[in-house]
Amino acid sequence: MNRELRIPVQGQGLYDVTSHVAAAIKEAGAANGLATLFIQHTSASLLIQENADPAVQVDLQNWLNRLVPENDPLYTHVEEGPDDMPAHIKSALTSVSLSIPIMDGALALGVWQGIYLWEHRHHQGAARRLIVNIQSS
Amino acid sequence: MNRELRIPVQGQGLYDVTSHVAAAIKEAGAANGLATLFIQHTSASLLIQENADPAVQVDLQNWLNRLVPENDPLYTHVEEGPDDMPAHIKSALTSVSLSIPIMDGALALGVWQGIYLWEHRHHQGAARRLIVNIQSS
Amino acid sequence: MNRELRIPVQGQGLYDVTSHVAAAIKEAGAANGLATLFIQHTSASLLIQENADPAVQVDLQNWLNRLVPENDPLYTHVEEGPDDMPAHIKSALTSVSLSIPIMDGALALGVWQGIYLWEHRHHQGAARRLIVNIQSS
């Protein structure tokens, strides 16, 4: 089963999509199996990270912005704005797909794990497309 | 099939878990399919790397420690110790899930590939939880 | 179904393998499911990136070469040439496996997404081994 999701975003940051993926699993009625999340973009990515202290997300964003700054003279792909090439690099360093086991009808996440869409561009009012694939076993 | 593993760790470093994953495949009796490994933590991660020369693992650890040092003034999430926020960043830069084809009843790894749990924290005497999902085809 | 691919490479860079993966899906006759790509090497990796402007690929390569330079005095694994340890680190920072949903008999890639083998070594006339696993649902 494949289910398409559209996630509204409002600029750079981590957007928690755990409940969307959990809903797709419930809808599919899968008791045991594997959920795979795929993002159809190259300037946003996927991440599983701690969902307890919001400071973790702030630090992740600030650290990655420092590692991959805007307006680096190295960039030649600059036509789509100063945040575009950094977004491609950040996407390359993180994940386009993530697979999570399904056990007893639920995502087998660790206690502090949340699933995030990591938006790397500044644009407002956009939406990102994800696909949840479910393999039952 | 999902099989839970607990891997004891003794501080930072790469822990070879290849034989544990291979045992789960043998137990499941899968001739062809896909094995997916998932780690239920956000301060340790998964990696497939060369298993021939131990110097590769030493260099990987030292390089990542230099890229993501402790006590960086950027960090605001500091309550859980100086190794905690670096561990989250290292986890974000590596993998939470890995999928490996199963062919003729065995993991279809390359000649020099080993599967590692990469522990990013210093704590001693801990154990990390992994799940091996097997899809037969 | 697992299908083995051999991709010729001529030194560092991104090699588009999208059509090879698409052909494996057509051959398997999968209408809906999940395609997983796995690379059997630790000095080359997998990436999904923009396939529109070739400058993106140039910038990705130059950025990663600057982050992980050759001849870094940190390296102790130096017997296989100055490009070998950087290749292992680059491989660790990108992906060894990628999973892409199959919808209506085709890869559910975004409009601008291409699948690439990212070769991190300089050697000429080599070939890299990939496996495409297909799970139908």
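For the structure itself, look to the data block above.
Before going into details, it helps to say that this report is about the structure given with it. (Residues numbered from 1 in each chain as written. Chains lettered and ligands numbered in written order. Predicted model: local features only at pLDDT ≥ 70, side-chain atom pairs only at ≥ 80, totals over all residues.)

Some remarks on the overall build of chain A
Then, in step 1: Each helix and strand in chain A was counted, giving 3 helices and 8 strands.
Then, in step 2: When its helices and strands are written in sequence order, chain A yields β-β-α-β-β-α-α-β-β-β-β.
Then, in step 3: A compact globule built from 137 residues would reach a C-alpha radius of gyration of about 14 Å, and chain A, at 16 Å, matches this within 12%.
Then, in step 4: The burial tally for chain A puts 47% of its 137 residues in the buried class.
Then, in step 5: When contacts within chain A are restricted to residue pairs at least 6 apart in sequence, those whose partners lie at least 24 apart make up 81%. (Helix = DSSP H or I, 4+ residues; strand = E, 2+ residues; numbered from the N terminus. Rg over C-alpha atoms; globule rule 2.2 N^0.38 Å. Buried ≥ 20, exposed ≤ 12 C-beta atoms within 10 Å, placed from the backbone. Contact = placed C-beta atoms within 7 Å.)

Things to note about the packing of helix 2 (residues 54-67) of chain A against helix 3 (residues 84-93) of chain B
Then, in step 1: Here helix 2 of chain A crosses helix 3 of chain B at 60 degrees, and the two axes come no closer than 10 Å. Read as a crossing pair, helix 2 of chain A and helix 3 of chain B show a hand that is right-handed. Between helix 2 of chain A and helix 3 of chain B, the residues in contact are A:V56, A:D59, A:L60 and A:W63 and B:M85, B:H88, B:I89 and B:A92, respectively.
Then, in step 2: Its residues assigned to classes, the contact of helix 2 of chain A with helix 3 of chain B shows 6 nonpolar, 1 polar and 1 charged. (Axes fitted to C-alpha atoms, helices over the stretch in contact; angles between N-to-C directions. Left-handed = near helix turned anticlockwise from the far one by under 90°. Nonpolar A, V, L, I, M, F, W, Y, C, P; charged D, E, K, R; others polar.)

Here's the deal with the nonpolar core
Then, in step 1: A:A35, A:L37, B:A35, B:L37, C:A35 and C:L37 are the most contacted members of the largest nonpolar core, which has 81 residues in total.
Then, in step 2: Setting aside its immediate chain neighbours within four residues, B:L37 contacts B:V21, B:L46, B:S97, B:L98, B:I115, B:L130 and B:V132. (Core = buried A, V, L, I, M, F, W, Y, C linked by C-beta atoms within 7 Å.)

A look at the sheet that holds strand 8 (residues 126-136) of chain B
All names here are of chain B.
Then, in step 1: The 5 strands lie next to each other as 1-8-3-5-6, forming an open sheet whose pairing is antiparallel. Both outer strands of the open sheet, strand 1 (2-9) and strand 6 (106-107), are each paired with one neighbouring strand and no more.
Then, in step 2: Here strand 1 pairs with strand 8 via 8 bridges, running antiparallel. Bridge assignment links R6 to a residue of strand 8, and that residue is R129.
Then, in step 3: Packed on one face of the sheet, helix 1 (residues 18-28) meets strand 1, strand 3 (33-39), strand 5 (97-103), strand 6 and strand 8 and runs near 40 degrees to strand 8. (Pairing = 2+ DSSP bridges.)

Some remarks on the relation of the copies chain A and chain C
Then, in step 1: With an axial shift of 0.0 Å and an RMSD of 0.0 Å, the rotation relating chain A to chain C amounts to 120 degrees. Taken together, the turn and the small shift mark the pair as related by a three-fold rotation axis. If distances are taken from each C-alpha of chain A to the rotation axis, the shortest is found for A:L93, at 3.5 Å.
Then, in step 2: Mapped onto chain C, only 13% of the interface residues of chain A again fall at the interface, so the copies present different surfaces. (Least-squares fit on C-alpha atoms with pLDDT ≥ 70 in both.)

Focus: the interface of chain A and chain B
Then, in step 1: With 29 residues of chain A at the interface, the matching set in chain B holds 23 residues.
Then, in step 2: Of all the elements in the fold, those that place two or more residues in the side of chain A that touches chain B are strand 4 (44-50), helix 2 and strand 5 (97-103) of chain A.
Then, in step 3: No other element matches helix 2 of chain A, which puts 8 residues into the side of chain A that touches chain B.

Notes on the sheet that holds strand 8 (residues 126-136) of chain C
Residue and element names in this part refer to chain C.
Then, in step 1: With antiparallel pairing, the 5 strands of this open sheet are ordered in space as 1-8-3-5-6. Two strands bound the open sheet, and with one partner strand each, they are strand 1 (2-9) and strand 6 (106-107).
Then, in step 2: Helix-sheet contacts for helix 1 (residues 18-28) involve strand 1, strand 3 (33-39), strand 5 (97-103), strand 6 and strand 8, and the interaxial angle to strand 8 is about 40 degrees.

Observations regarding the interface of chain A and chain C
Then, in step 1: Opposite the 23 residues of chain A that make contact, chain C presents 29 residues.
Then, in step 2: If you list the elements that add at least two residues to the side of chain A that touches chain C, you get strand 3 (33-39), helix 3 (84-93), strand 5 and strand 8 (126-136) of chain A.
Then, in step 3: Top contributing element to the side of chain A that touches chain C by residue count: helix 3 of chain A, with 5 residues.
Then, in step 4: Looking at the side of chain A that touches chain C, its residues break down into 10 nonpolar, 12 polar and 1 charged.

Some words on helix 1 of chain B
All names here are of chain B.
Then, in step 1: Buried within helix 1 are the following residues: V21, A24, I25 and A28. Projection of helix 1 onto a plane perpendicular to its axis shows the buried side chains occupying an angular sector of 100 degrees, all on one side. Among the exposed residues of helix 1, those oriented more than 90 degrees off its buried face are S19, K26 and E27.
Then, in step 2: Buried residues along helix 1 sit against strand 1, strand 3, strand 5, strand 6, strand 7 (113-119) and strand 8.
Then, in step 3: Of the residues flanking the end of helix 1, it is G29, one or two places downstream, whose phi is positive at about 70 degrees. (Arc of directions from axis to C-beta.)

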